[in-house]
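Spelled out, the chains give:
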Amino acid sequence: MTSKGRGRIRIDAERCKGCGLCVAVCPKGQVRLASGVDGRGIRVAEVGEGERCSACGSCFAVCPDVAITVYRNVGTPPVAGSPGRRKSPKRGPRHRKQAA
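These remarks concern the structure in this document. As the structure is a computational prediction, the values presented were derived from the model and not from experiment.

## Overview of the state of the cysteines
Phase 1: One pass over the full model with this rule turns up 0 disulfides.
Phase 2: Here Cys53 stays free of any disulfide, with the sulfur of Cys59 as its closest cysteine sulfur at 6.5 Å.
Phase 3: In this model Cys59 remains outside any disulfide bridge; the closest cysteine sulfur is found in Cys56, 6.3 Å from its own.
Phase 4: By relative accessible area, which is 8% here, Cys59 ends up buried.

Structural data, given as structure tokens:
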């Protein structure tokens with residue numbers, strides 16, 4: 001049974017050096033190294049078939065070449081513990097005590 005994905009990723013093959021860090025951290029196994037080599041002789045990372053990407057951003061966070069872009073489906077909450085969006089503290093009006 002395949003779960004519906006929360007988003008998708010895009011890998012820029014020209015920037016990728018095939019280090020495999022993204023493959024190692026993908027919790028859904030959506031990223032893999034290509035079976036063949038490109039014009040530079042490198043097995044670059046590629047996206048697997050199906051829609052199982054959780055859009056957690058782990059692959060993006062570990063990529064030393066900034067070759068990965070994560071697209072999260074609209075209305076999908078972030079994955080707990082992901083390096084994606086972080087909640088900022090609520091900021092409201094500051095109240096001062098009146099001097100007596």
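## Some words on the nonpolar core
Phase 1: Residues Ile9, Ile11, Cys16, Cys22, Val31, Ala45 and Ile68 are the most contacted members of the largest nonpolar core, which totals 13 residues.
Phase 2: Excluding residues within four positions of it along the chain, Val31 makes contact with Ile9, Ile11, Cys22, Val23, Cys26, Ala45 and Glu46.

Definitions and limits used
- Residues numbered from 1 in each chain as written.
- Predicted model: local features only at pLDDT ≥ 70, side-chain atom pairs only at ≥ 80, totals over all residues.
- Heavy atoms only, no water.
- Disulfide = S-S within 2.5 Å.
- Buried < 20%, exposed > 50% of the residue type's maximum accessible area, 1.4 Å probe, protein only.
- Core = buried A, V, L, I, M, F, W, Y, C linked by side-chain atoms within 4.5 Å.
- Contact = heavy atoms within 4.5 Å.

By themselves, these figures tell us nothing about what the structure is for.
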